[in-house]
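# Inside the fold
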Amino acid sequence: MAQTKIEWTELTWNPTTGCNKVSQGCKFCYAEVMAKRLKAMGQPKYENGFKLTLHESALNIPYTWKTPKIVFVNSMSDLFHKNIPLEFIQRVFSVMNDNPQHVFQILTKRADILLEYHKQLKWTHNIWMGVSVENEKELWRVDLLRKTKAKTKFLSCEPLLGPLTKLKLKNIDWVIVGGESGRKPRPMKEEWVFEIFEKCEKANVKFFFKQWGGTNKKKTGRILNGRTYDDMPEVQILF
Ligand code: SF4
């Protein structure tokens, strides 16, 4: 478990670490930069750097949290990476099923593998399933997410790299939008953000505006229409 600065969650939990790049959104992968840094710092969990690694010892961590948490699962990896066996993913799900007091947010770019496995996973109410959509080329991920049994479905449009004019929000509960930050961020146009915002308003979908991004994300901030947008699906705490 680790505290995180990610605005739409509280904690991160990484039963796997490492990944490899699959689309434009991966170009400046934050997890890759962090994994290499943590390896250089001698952190045992990152001795393999950004190479995919399963961490059996991390599986039981959610049982130790004393109060309900909102948790981003695998901020340093992708739970539906092709080299993670279904059996291991089922064990991760079993921990989430056993801990209904916590909300677990999973985000993947491998919507094809998610759809392949979804019937063999138990989708309790506390598991929010999301896909990344950085441009229209990746809209297929939304269509596959829609077909899954996940009870709460969300999109992370970050880094938003192009317009999502053809995006449809049927059966989607939540959309996060953000621009790229870092040393060489690719630009995000205001009109792309407004278009998604308007789609969410029209479809009554929760909207979270994470950041404008750029080389100084603190300076560009996260104000849209003169305010912040921090909407999230309702968190149900069941024991
Ligand atoms: S899928 Fe996610 S974790 Fe994997 S390389 Fe791409 S951005 Fe990084």
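Below is a summary of the structure that appears in this document. (Residues numbered from 1 in each chain as written. Predicted model: local features only at pLDDT ≥ 70, side-chain atom pairs only at ≥ 80, totals over all residues. Heavy atoms only, no water.)

## A short note on the overall build of the chain
A count of helical and extended segments in the chain gives 6 helices and 10 strands. The C-alpha radius of gyration of the chain comes to 17 Å, within 12% of the 18 Å expected for a compact globule of 239 residues. Principal-axis analysis of the C-alpha atoms gives the chain an extent of 45 × 40 × 35 Å. In the chain, the proportion of contacts linking residues at least 24 apart, taken out of those at least 6 apart, comes to 71%. Within the structure as shown, the chain displays about 12,100 Å² of accessible surface, and the carbon and sulfur contribution to it stands at 50%. Here the chain contributes 39 positively and 25 negatively charged side chains, and the mean placements of these two sets differ by 3 Å. (Helix = DSSP H or I, 4+ residues; strand = E, 2+ residues; numbered from the N terminus. Rg over C-alpha atoms; globule rule 2.2 N^0.38 Å. Contact = heavy atoms within 4.5 Å. Areas by Shrake-Rupley, 256 points an atom, 1.4 Å probe, with all protein chains shown as cover. Lys, Arg positive; Asp, Glu negative; His and termini not counted. Charge placed at Lys NZ, Arg CZ, Asp CG, Glu CD.)

## Some words on unusual backbone geometry
Trans is the prevailing form of peptide bonds, just as negative phi is the prevailing case for residues other than glycine. Put simply, Glu 158 and Pro 159 share a cis peptide bond, and its omega is 0°. Topologically, Pro 159 is positioned in the loop between strand 8 (152-157) and strand 9 (174-178). A positive phi angle, close to 65°, is found at Asn 171, a residue other than glycine. Mapping Asn 171 onto the fold places it in the loop between strand 8 and strand 9.

## Remarks on the environment of Glu 191
Positionally, Glu 191 belongs in helix 5 (residues 190-203). The class of Glu 191 is exposed, set by a relative accessible area of 55%. Between the alpha carbons of Glu 191 and Pro 163 there is a distance of 8.0 Å; along the sequence they are 28 residues apart. (Buried < 20%, exposed > 50% of the residue type's maximum accessible area, 1.4 Å probe, protein only.)

## With respect to the nonpolar core
Within the largest apolar cluster, 55 residues are counted, with the highest numbers of intra-cluster contacts made by Phe 80 and Leu 155. With 7 residues, the top contributor of residues to this core is helix 2 (residues 86-98). Filtering out sequence-adjacent residues up to four positions away, Leu 155 remains in contact with Val 131, Val 133, Val 142, Leu 145, Leu 167, Leu 169, Ile 172, Trp 174, Val 175 and Ile 176. (Core = buried A, V, L, I, M, F, W, Y, C linked by side-chain atoms within 4.5 Å.)

## Focus on the site of the ligand
Inspection of the region around the ligand gives Cys 19, Asn 20, Lys 21, Cys 26, Cys 29, Ser 77, Asp 78, Lys 109 and Arg 110 as its neighbouring residues. Its residues assigned to classes, the shell around the ligand shows 3 nonpolar, 2 polar and 4 charged. (Near = heavy atom within 4 Å. Nonpolar A, V, L, I, M, F, W, Y, C, P; charged D, E, K, R; others polar.)

## Focus: the pairing of strand 9
Counting buried positions over the 5 residues of strand 9 gives 5, a clear majority of the element. Here strand 9 shows two buried faces, one formed by Trp 174, Ile 176 and Gly 178 and the other by Val 175 and Val 177. Here strand 8 runs beside strand 9; their pairing, made up of 4 bridges, is parallel. In the sheet register, Leu 155 faces strand 9, and the bridge partner there is Val 175. (Pairing = 2+ DSSP bridges.)

## Concerning helix 2
Its 13 residues give helix 2 an end-to-end C-alpha distance of 18 Å, which sits within 8% of 18 Å, the value for a rise of 1.5 Å per residue. For helix 2, the complete set of buried residues consists of Leu 86, Phe 88, Ile 89, Val 92, Phe 93, Val 95, Met 96 and Asn 97. (Expected span 1.5 Å × (residues − 1).)

## Some details on the packing of aromatic side chains
Per the stated rule, a full pass over the model turns up 13 aromatic pairs. For the pair Trp 128 and Trp 174, a centre-to-centre distance of 5.6 Å together with 80° between the ring planes defines the contact as edge-to-face. Of this pair, Trp 128 sits in strand 7 (residues 127-132) while Trp 174 sits in strand 9; the two residues are 46 residues apart in sequence, bridging distant segments of the chain. In terms of burial, Trp 128 and Trp 174 fall into one category: buried. Plain terms: the ring middles of Phe 209 and Trp 212 are 4.8 Å apart, the flat faces sit at 65° to each other, and that makes the pair edge-to-face. These aromatic residues form a ring-pair network of at least three members: Trp 8, Phe 72, Trp 128, Phe 154, Trp 174 and Phe 208. Taking the ring centre of Tyr 229 as reference, the NZ or CZ of Arg 227 above it sits at 3.8 Å. (Phe/Tyr/Trp six-rings, centres within 6.5 Å; stacked < 30°, edge-to-face > 60°. Lys NZ or Arg CZ within 6 Å of the ring centre and 35° of its normal.)

## Examining the pattern of salt bridges
Within this structure, the stated rule accounts for 11 salt bridges. Linking Arg 141 and Glu 138 is a salt bridge whose minimum nitrogen-to-oxygen distance equals 3.3 Å. Judged on exposure class, the residue Arg 141 and its partner Glu 138 are both buried. For the salt bridge of Glu 158 with Lys 210, the shortest nitrogen-to-oxygen distance reads 2.8 Å. Placement of Glu 158 in the loop between strand 8 and strand 9 and of Lys 210 in strand 10 (residues 206-211) is noted, with a sequence separation of 52 residues between them. Since its relative accessible area comes to 9%, Lys 210 is described here as buried. Salt bridges sharing partners connect three or more residues here, namely Glu 7, Glu 158 and Lys 210. (Salt bridge = Lys/Arg side-chain N within 4 Å of Asp/Glu carboxyl O.)

Note that all results are geometric; they support no functional claim without further evidence.
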